[in-house]
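Overview (structure and organization)
Here's the letter readout for the chains.
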Amino acid sequence: MARIYAVEPAKVDFEKDILPLLEDNCFRCHGDGKEKGGLTLDKFKAGPSVQRNYKTWEEIFSKVRTGVMPPKERKQRPDKDEQALIIGWIRHALDDFYSNAPPDPGRVTARRLNRSEYNNVIRDLMLVDFRPAKDFPPDDSGYGFDNIGDVLSMSPLLMEKYLVAAEKIADQAISVPVRGQLLEKDQLTEFQRKYFRYPIAPNMRRRTAEGFVRPFMRRAYRREVTNDEVGRVMRLAKVAVDNGGSFEDGIRLTVQAVLISPHFLFRWELDGAPDNPNLIRSLNEFELASRLSFFLWSSMPDDRLLELAGNAQLRKNLNQEVMRMLSDAKAKALIGNFAGQ
């Protein structure tokens, strides 16, 4: 019967077929009050109890399959058919559990942008042609990858580098006129041509700044922004102007503030109760947009993704968007970063 059950593990009954084998071959060290290696098997009375302790049974599966358990010096060991029966049943029970159990993604770590992602986001957000992260400390790696949230720390040195980089980026992206003069068209940067329509009349500067700050922060933070967030950044622009600076000085200061914000430097997916599997939620559309863009492009979502996310249409158009993104030149990052590592 063992051969049949090994081929068709779904027919195996834990209490009738597996438990007797455990009693004969394993309880000497892991049952009847003994816990060698911290493992006791006599607490498992039925199949569901095995699934609830799936991590333990993954270890058991590995050790039985490789012949580590029971120890080779033991005279009484399961024969090949019995070993196949145990292995087949454990694998089937665990796979069935994984495919049918309620999802439990666990706690999602806030991921800091690594150096490659930071460079790409600055390129796409600020439209400047240089790589500021070349001066950053090397990113820590985990499991062979340099974008694992749990190992991407934030050191004081790195924070200093972010501050310096934000100032250099703002200086390069935003031309400032000589005091008392206006910017000529040939002095405007690509960033300024994208976000502003020059010339800007003095009485329209505040409205123009407000019209810039919200969409810029939305792109930088990769989500909708609140009125409070916009208001705080606008106050910085006012401080710069009140201290004698130009309209462009105020914009530079707002850009610097955004570029050192945790909402820019980290990718946030916040849950109210991450340790409660009963309160699991799906990613919202903006989080999904970021997952897609940082995986396929190693960069921020573009305007198309943000627009779909804002209208709750991204999931409905997911396949089309993936194909569009893969056809974009930015998808080379998928090969260079993910596939390469």
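In case you missed it, the structure is sitting above this.
Below or above, wherever it landed, is the structure these notes cover. (Residues numbered from 1 in each chain as written. Predicted model: local features only at pLDDT ≥ 70, side-chain atom pairs only at ≥ 80, totals over all residues. Heavy atoms only, no water.)

**What to know about the packing of aromatic side chains**
Centre-to-centre distance and the angle between the planes together describe a pair of aromatic rings. We count it as follows: Any pair of Phe, Tyr and Trp rings, taking the six-membered ring for Trp, is counted once the centres come within 6.5 Å. Such a pair is stacked with planes under 30 degrees apart, edge-to-face with planes over 60 apart, and tilted for the rest. To qualify as a helix, a DSSP run of H or I must reach at least 4 residues; to qualify as a strand, a run of E must reach at least 2; elements of each kind are numbered from the N terminus. Here the term buried applies to any residue with accessible area under 20% of the maximum for its type, exposed to any over 50%, and partly exposed to those in between, with areas from a 1.4 Å probe on protein chains only. A positively charged side chain is recorded as over a ring if its NZ (Lys) or CZ (Arg) lies within 6 Å of the ring centre. The angle to the ring normal must also be within 35 degrees.
All told, the structure shown has 21 aromatic pairs when counted by the stated rule. A centroid spacing of 5.4 Å and a plane angle of 40° characterise the contact between Tyr118 and Tyr162, whose relative ring orientation is tilted. Taken together, the residues span a long stretch of sequence, with Tyr118 in helix H7 (residues 115–126) and Tyr162 in helix H8 (residues 156–173) at a distance of 44 residues. Since its relative accessible area comes to 0%, Tyr162 is described here as buried. Taking 6.1 Å as the distance between ring centres and 70° as the angle between the ring planes, the aromatic pair formed by Tyr118 and Phe264 counts as edge-to-face. On the criterion of sequence distance, the pair formed by Tyr118 in helix H7 and Phe264 in helix H13 (residues 262–265) is long-range, its members being 146 residues apart. Of the two residues, Tyr118 and Phe264, neither departs from the other in class, the shared state being buried. Stacked on the ring of Phe61, the Lys or Arg Arg91 has its end atom at 4.8 Å from the ring centre. Cation over ring: Lys330 sits above Trp297, and NZ or CZ is 3.9 Å from the ring centre.

**Things to note about the environment of Phe196**
Stated precisely, the cut-off is as follows: Pairs of residues are marked as contacts when any of their non-hydrogen atoms sit within 4.5 Å.
Within the secondary structure layout, Phe196 lies in the loop between helix H9 (190–195) and helix H10 (205–221). For Phe196, a relative accessible area of 9% gives the class buried. Each residue touching Phe196, except ones within four places of it in the same chain, is listed here: Thr208, Phe212, Phe247 and Ile251.

**Re the pattern of salt bridges**
Rules: One side-chain nitrogen of Lys or Arg within 4 Å of one carboxyl oxygen of Asp or Glu is enough to make a salt bridge.
Overall, the coordinates contain 18 salt bridges when judged by the stated rule. As a salt-bridge pair, Arg206 and Glu210 come within 3.3 Å of each other at their nearest N and O atoms. Of the two residues, Arg206 and Glu210 both sit in helix H10, 4 residues apart, roughly one turn of that helix. Ionic pairing is found between Glu321 and Arg304, a salt bridge with its closest N-O pair at 3.1 Å. One end of the pair, Glu321, is in helix H16 (residues 318–327); the other, Arg304, is in helix H15 (residues 303–310), with 17 residues separating them in the sequence.

**Observations concerning the side chain of Asp139**
How we decide: N or O atoms within 3.5 Å of each other form a polar contact, as long as, within protein, one can give a hydrogen and the other can take it, and as long as residues adjacent in sequence are counted only when both atoms are side-chain atoms.
Counting through the fold element by element, Asp139 comes out in the loop between H7 and H8. Judged by its relative accessible area of 15%, Asp139 is buried. A polar contact is formed between the side chain of Asp139 and the backbone nitrogen of Arg115, at a distance of 2.7 Å. In contact with Asp139, not counting residues within four places along its chain, are Arg112, Asn114, Arg115, Asp146 and Leu152.

**Here's the deal with H7**
Note the threshold: Each residue after the first adds 1.5 Å to the expected span of a helix.
If you check H7, its first and last C-alpha atoms are 16 Å apart, about what 12 residues at 1.5 Å a residue would give, namely 16 Å. The element H7 is largely enclosed, with a buried count of 10 among its 12 residues. Looking at H7, one finds that the buried residues are Ser116, Glu117, Tyr118, Asn119, Asn120, Val121, Ile122, Asp124, Leu125 and Met126. One side-chain oxygen at the N-terminal end of H7 lies 3.2 Å from the backbone nitrogen of Ser116; it belongs to Asn114. Just downstream of H7 lies Leu127, where phi reads positive at about 60°.

Treat this as a map of the structure, not an account of what it does.
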